[in-house]
Every structure is written in structure tokens, then in C-alpha cells.
Amino acid sequence: MASSRNETALAWSSAAYVDITSGSNATSDAFAFNIEDWDAALTLYADNQGTPASGDTLDVYVLWTSGSVDGSAGDDYDTAKGAQWVARLNTYSTDADGEDPQQKTVALSTIAAKGLKVYAKSNSGGRTIRLRAEISTHRPQ
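Residues numbered from 1 in each chain as written. Predicted model: local features only at pLDDT ≥ 70, side-chain atom pairs only at ≥ 80, totals over all residues. Heavy atoms only, no water.

1. A short note on the overall build of the protein
Definition in use: By definition, any uninterrupted DSSP run of H or I lasting at least four residues is a helix, any uninterrupted run of E lasting at least two residues is a strand, and each is numbered from the N terminus. Exposure classes here rest on a 1.4 Å probe applied to the protein chains alone. A residue is buried below 20% of its type maximum, exposed above 50%, and partly exposed in between. Here, two residues are considered to be in contact whenever any of their heavy atoms come within 4.5 Å of each other.
Check the secondary structure of the protein and you find zero helices and ten strands. C-alpha atoms of the protein, sized along the principal axes, occupy 45 × 40 × 25 Å. Of all 141 residues assigned to the protein, the portion counted as buried reaches 37%. Intrachain contacts of the protein at a sequence separation of at least 6 include 80% that bridge at least 24 residues.

Below is the structure:
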């Protein structure tokens, strides 16, 4: 069966990226899977907007939705504390796992998921980290 790869940049309040300041967080706009999507991947790109220091990290989570759990109109998404952790992006290049900018791709399961939002929390000691994200999926042609 022939398939295509579909790439969609996630938006952050309709912008292509979000700047997350020290101790704050951000949630992307909603992303909806096509009913025929399979083999999804989330690519994250973090770029420290200052001179990185130890502890300049973002913890990234997925807020899944499978529809309306409570029966109300619209989709219900996982809460921030109930979200699925997917990655820590470390922009301090002296750390063994750090580099600035840092890009990481993680596999996502599309089984029963209707869509998602990405939630990121900054652990930075005062510097702003710019985050971009993209979803790639396979779909039959």
C-alpha cells in the first residue's frame, strides 16, 4: 500500500514558536490526527535565547485527547500533571546531554488518540528558551 508522510508544524497561539521564560510553561494549539494516520513522531527544537547555563532545560509533555470524556462539547485534554512526559531538552552544552540548540524526535502512538497538545515547562535559571515543534505521520495515499 502506498503511503505519504505528512508534516505539520505545531502552533503556539497561532505563532510558529513560543518563548518560554524561566519557571514558566506553554501549551501548543491543538493538533488533530487524520483518522488514517499511523506511526507519528514529534520533533522538538529548543534554542536558548541567551548564554546557556547549567539547568537550562525544558521538560516536554503530551496532553492527549480521545474526545469528550465528560460528555460536554469539544475535546477534553489531559491535565498538565496527568500528561505523558516525552523529553527533557537541555540547552547547556557543557552537560553530557546538552547542546544549544537541541533537537530531539520521539515516537508517538496514534492508537485511539484523536489529537494532542504539547506542554512545555521551563527549568531555566533566568534565560528564555525558544521552542518549535512538528508532528510527522504516515497516511495511506
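Once the structure has been displayed, the description carries forward.
2. Remarks on the nonpolar core
Let me state the cut-off plainly: For our purposes a nonpolar core is just a set of buried Ala, Val, Leu, Ile, Met, Phe, Trp, Tyr and Cys residues, chained together by side-chain atoms within 4.5 Å.
Counting 28 residues, the largest nonpolar core has Leu42, Leu108, Leu116 and Leu131 as the members making the most contacts within it. If you list the elements that add at least two residues to this core, you get strand 2 (18-20), strand 5 (38-48), strand 6 (57-65), strand 7 (84-90), strand 8 (102-108), strand 9 (115-122) and strand 10 (129-140).

3. Things to note about the confidence of the model for the protein
The criterion, for reference: Summary of the metric used: pLDDT quantifies the predictor's per-residue confidence within the range 0 to 100.
Summing up the model confidence of the protein, the mean pLDDT is 93 and the portion of residues at 70 or higher is 99%. Of all the helices and strands in the protein, strand 1 (residues 3-9) carries the lowest mean pLDDT, 91, while strand 3 (residues 25-27) carries the highest, 98.

4. Quick look at the packing of aromatic side chains
Under the convention used in this document: Each pair of aromatic rings taken from Phe, Tyr and Trp, with Trp reduced to its six-membered ring, is defined by centres within 6.5 Å and is described as stacked if the planes are under 30 degrees apart, edge-to-face if over 60, and tilted in the remaining cases. Charge-over-ring placement is defined geometrically: NZ (Lys) or CZ (Arg) within 6 Å of the ring centre, and within 35 degrees of the ring normal.
Following the criterion strictly, the structure yields two aromatic pairs and no others. Lying across the ring of Tyr77, Lys117 places its NZ or CZ 4.5 Å from the centre. For Arg130, the ring lying beneath its charged end belongs to Tyr17, and the centroid distance is 3.8 Å.

5. Structural notes on unusual backbone geometry
A negative phi angle is the norm for most residues apart from glycine, just as the trans form is the norm for most peptide bonds. In this model, Asp100 is joined to Pro101 through a cis peptide bond whose omega is 0°. Take Pro101: it is sitting in the loop between strand 7 and strand 8. Of note in this structure, Ser14 is not a glycine but carries a positive phi near 70°. By the element assignment, Ser14 lies in the loop between strand 1 and strand 2. Residue Asp39 is not a glycine yet carries a positive backbone phi of 50°. Mapped onto the elements, Asp39 comes out in strand 5.

6. Brief notes about the pattern of salt bridges
Going by this rule: A side-chain nitrogen of Lys or Arg and a carboxyl oxygen of Asp or Glu constitute a salt bridge if their distance falls within 4 Å.
A full pass over the atoms with the stated rule returns six salt bridges. Salt-bridge contacts for Glu7 lead to Arg5; the nearest nitrogen and oxygen are separated by 3.4 Å. Residue Glu7 is classed as partly exposed on the basis of its relative accessible area of 45%. We classify Arg5 as exposed; its relative accessible area is 59%. Between Lys114 and Asp75 there is a salt bridge, with the nearest N and O atoms lying 2.9 Å from each other. Placement of Lys114 in the loop between strand 8 and strand 9 and of Asp75 in the loop between strand 6 and strand 7 is noted, with a sequence separation of 39 residues between them.

7. Considering the side chain of Ser136
With respect to the helices and strands, the residue Ser136 is situated in strand 10. Every residue in contact with Ser136, bar those within four places of it in the chain, is listed here: Asn6, Glu7, Asp39, Ala40 and Ala41.

8. Re the environment of Phe33
By secondary structure assignment, the location of Phe33 is in the loop between strand 4 (31-32) and strand 5. A C-alpha to C-alpha distance of 15 Å links Phe33 and Ser3, two positions 30 residues apart in sequence.

9. Re the environment of Thr110
Summarising the element assignment, Thr110 is placed in the loop between strand 8 and strand 9. Look at Thr110 and you get buried, because its relative accessible area is 16%. Separated by 73 residues in sequence, Thr110 and Asp37 have C-alpha atoms that sit 7.3 Å apart. Once residues lying within four places of it in the same chain are set aside, the contact partners of Thr110 are Phe33, Asp37, Trp38, Asp39 and Ala40.

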